[in-house]
Amino acid sequence: MNQKSMNQKSMNQKSINTIPMVDVQAWHRPIQAQLEKKALKVLRSGRFIMGKEVAFFEQEAADYLGARYAISCANGTDALILALQAAGIGPGDEVLTTGFTFFATAEAIMQSGATPVLVDIDSETFNIDPVELEGSITSRCRAVLLVHLFGLPAALSEIQAVCDRHGLILLEDCAQSFGASYHSRKTGNFGLLGAFSFFPSKNLGGFGDGGLVITNQLKAAEMVRKLRNHGSSSQYHHDCPGYNSRLDEIQAALLRVKLQHIEAFNAQRQQVAQWYREFLSGSEVLFPQHHHEHIFHQFTVVLPSGRDMVKKRLAEKGIASAIYYPLPLNKQRALAGIAVEHALPVCGQLSEHCLSLPIYPGMTRSQTETVARTLINVMDCQGSLYTQSAF
Ligand SMILES: Cc1ncc(COP(=O)(O)O)c(C=O)c1O
């Protein structure tokens, strides 16, 4: 074999074996031309803030999600803060939320002046456990901020029933669940308000930061609209202090392009999840079962033990993986002595055993097979590590 073909072989080997968590190029390839055309149009328009693209995007997002109102903002964390404030949550209030989520969920509760009450999760769904939820209610609790983690809708019927029984406002953190449904209704519509993130790796990922709040109540929508723009409902008239939290025209324009393809993108993620299930079946790995309404923001498995070593070995073989999340919220320094904390044994266990594998639209069957087979191999090679089962 000559040098050139050896180089080619090693390049092919590299491209076969290097699998990132998200391959943005592969994801966007089919729509790249559309995106570039749209970006150029905005650059040439000279209008960059609160123009037509934002207005169209909000209408199209509302239509797609089946909500009466959609109000865009600067990022998903702001969307949560705006939703909490529009719901009237503030100092002295307590808000129940999951102990297993990205920090921003609890951070938003704290930024709104309220106190998070952390609740344990269901070991199979990674989502808040409705029984634990009811058992954690205090006299100061005014709301539940649930999270549809990894793209799987939380147990909404049970949670709504808890809220109804105790007069709690329901709010949804849908940062990871754009397009996921529960009994055929899109997440974000069950609570008074739902908050979404367009961070680039999200299912509807933008090209920078972005966020959205949806609601079916006019009063809540008006409050979010006002708060995201300096508490103003007409130019230079300010009713209350708010924020500068607007979505840029260019983000809105590009998100409009991606929104047209969200169903296909989510279906591709579901296909990858199906392949993983096929390749991992019979192994020691616990993986998410088929659930047609799961839109697989992440494909997160639970390993019996040796998780950190497995992650390291995968990386040596060119396969990315991620730990969402290495610490449950009750272990975060920022929440020490602030959050009302109950025992969170399931959060604790899963944070030590979970591992998220690459998943994105455009990921191929053979890449999925490589990840799954390498994972099983790495685990087999360290057989001695696997003497005890986590659950
Ligand atoms: C569950 C959850 N909530 C909130 C956020 C915050 O979104 P953003 O990064 O757009 O502020 C994220 C983003 O990572 C998230 O995953």
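Quick caveat: nothing in here was measured; it's all calculated off a predicted structure.

Here we come to the pattern of salt bridges. One pass over the full model with this rule turns up 13 salt bridges. Of the charged contacts in the structure, one is a salt bridge between Asp-93 and Arg-142, with a shortest N-O distance of 3.1 Å. Separated by 49 residues along the polypeptide, Asp-93 in the loop between α5 (76-86) and β2 (94-98) and Arg-142 in strand β4 (residues 141-147) bring together distant segments of the chain. Among the residues examined, Asp-93 registers a relative accessible area of 11% and is labelled buried. Arg-365 is the partner of Glu-278 in a salt bridge, and the nearest nitrogen-oxygen pair spans 2.8 Å. Note that Glu-278 is positioned in helix α11 (residues 262-280) and Arg-365 in helix α14 (residues 365-381), a separation of 87 residues in sequence. On the basis of relative accessible area, Glu-278 is assigned to the partly exposed category, the value being 38%. One continuous salt-bridge network, built from bridges that share partners, spans Lys-38, Glu-53, Glu-60 and Arg-256.

Around the ligand sit 14 residues, and of these Gly-76, Thr-77, Asp-173, Ser-197 and Lys-202 come closest. For the ligand, an oxygen atom lies 2.5 Å from a polar atom in the side chain of Thr-77. Residue Ser-197 places a side-chain N or O atom 2.7 Å away from an oxygen atom belonging to the ligand. Within the complex, 91% of the 390 Å² of free accessible area of the ligand lies under protein. Judged by the proximity of its atoms to the pocket grid, the ligand belongs to the largest pocket. Listing elements by their share of the shell around the ligand, those giving two or more residues are α5 and α6 (104-111). Split into classes, the residues belonging to the shell around the ligand amount to five nonpolar, seven polar and two charged.

Looking now at the pairing of strand β1 (residues 69-73). Within a regular strand, the side chains alternate between the two sheet faces. By the criterion of burial, β1 is predominantly enclosed, with five of the five residues buried. Here β1 shows no split at all, with Tyr-69, Ile-71 and Cys-73 on one side and Ala-70 and Ser-72 on the other all buried. The pairing of β1 with strand β9 (residues 211-215) spans five bridges and is classified as antiparallel. Note on β9: the bridge partner recorded for Ala-70 is Ile-214.

With that out of the way, let us pick up the domain arrangement of the chain. Domain assignment breaks the chain into domain 1 (30-259) and domain 2 (262-383). Spacing between the C-alpha centres of domain 1 and domain 2 amounts to 25 Å. Among the residues domain 1 hides against domain 2, the three largest losses belong to Leu-118, Phe-150 and Asn-203. Together they make up 23% of the total. The interface formed by domain 1 and domain 2 contains zero salt bridges. One can count 18 residue pairs in polar contact (both at pLDDT 80 or more) joining domain 1 with domain 2. Elements with a contribution of two residues or more to the side of domain 1 that touches domain 2: β2, α6, β3 (115-119), β6 (181-182) and α10 (249-259). Per-class residue counts for the side of domain 1 that touches domain 2 are 22 nonpolar, 15 polar and six charged.

Cut-offs and rules
- Residues numbered from 1 in each chain as written.
- Predicted model: local features only at pLDDT ≥ 70, side-chain atom pairs only at ≥ 80, totals over all residues.
- Heavy atoms only, no water.
- Salt bridge = Lys/Arg side-chain N within 4 Å of Asp/Glu carboxyl O.
- Helix = DSSP H or I, 4+ residues; strand = E, 2+ residues; numbered from the N terminus.
- Buried < 20%, exposed > 50% of the residue type's maximum accessible area, 1.4 Å probe, protein only.
- Near = heavy atom within 4 Å.
- Polar contact = N/O pair within 3.5 Å; in protein donor to acceptor, adjacent residues only side chain to side chain.
- Areas by Shrake-Rupley, 256 points an atom, 1.4 Å probe, with all protein chains shown as cover.
- 1 Å grid on protein atoms, 1.4 Å probe; cavity = no way out; pocket = protein on both sides within 12 Å on 5 of 7 lines; lining within 4 Å.
- Sits in = over half its atoms within 2 Å of the grid points.
- Nonpolar A, V, L, I, M, F, W, Y, C, P; charged D, E, K, R; others polar.
- Pairing = 2+ DSSP bridges.
- Domains from an automatic or database assignment.
- Buried area = accessible area lost by both parts, 1.4 Å probe.

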